[in-house]
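The residues making up each chain are set out below.
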Amino acid sequence: MKVKLKDIDECDEFYRKLIGNVRLSHEKVYEVIEIQRTSYRIENDEGEPGLCDKRIFKILDPSIPKDYIYQFYFDDSDETHEDEEGFIWRNFEEEYNITPKCFAQRAFFDFYFDKHVEQVAIYNDYIQKRNTLDEK
C-alpha cells in the first residue's frame, strides 16, 4: 500500500497540526509497513517506523503485499455496562493490524524501540529487502 500526505488545504486545523508533527514530506510517496484500525505505520524521513493517523493521508495504491497477514484481537477494558435486561457486559474495542508476517509477534515494535537485537535485525532485514525490490 502506498500513501502520500494530504495537502494542507485538504485538512482542518487539527489535522494540520498532526501533519506538522509527523516528520514526513508532502511530495514523497510512502509505503505502509503496517495497517492498524486508525493508523498506518510508516518509516518517516528519519528512518523510524512511526504510527500516523490514517486521516492525514491519500491512498495512492491500495494493494497489500501478499506476504502480509491479518491479525484480529479485542482490546479489553475494565469498564462494564448493564443492558436493559440486567446483563453486565465488558466494554471492548475491536482492533486489527495487517502486517508482514515477520513482524507478527506480540509487541514487535515495542521491542524494536527498546532496541532488542532480534527485532531490530528483523526490521532492518525487511526494510533492506523491500528497498532492494523497489529499486528493481
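Residues numbered from 1 in each chain as written. Predicted model: local features only at pLDDT ≥ 70, side-chain atom pairs only at ≥ 80, totals over all residues. Heavy atoms only, no water.

(A) Main features of the pairing of strand S1 (residues 2–5). Burial along S1 is one-sided: the residues Val-3 and Leu-5 are buried and none of Lys-2 and Lys-4 is. Across two bridges, S1 lies against strand S2 (residues 30–36) in antiparallel orientation. Paired with Lys-2 across the bridge in S2 is Glu-31. As judged from the four bridges shared by S1 and strand S5 (residues 57–61), these two strands associate in the antiparallel manner. By the bridge assignment, Leu-5 is partnered in S5 with Phe-57. (Buried < 20%, exposed > 50% of the residue type's maximum accessible area, 1.4 Å probe, protein only. Helix = DSSP H or I, 4+ residues; strand = E, 2+ residues; numbered from the N terminus. Pairing = 2+ DSSP bridges.)

(B) Seen up close, the side chain of Ser-39. By secondary structure assignment, the location of Ser-39 is in strand S3 (residues 39–43). Given the relative accessible area of 12%, Ser-39 is considered buried. Setting aside its immediate chain neighbours within four residues, Ser-39 contacts Glu-34, Leu-51, Cys-52 and Lys-54. (Contact = heavy atoms within 4.5 Å.)

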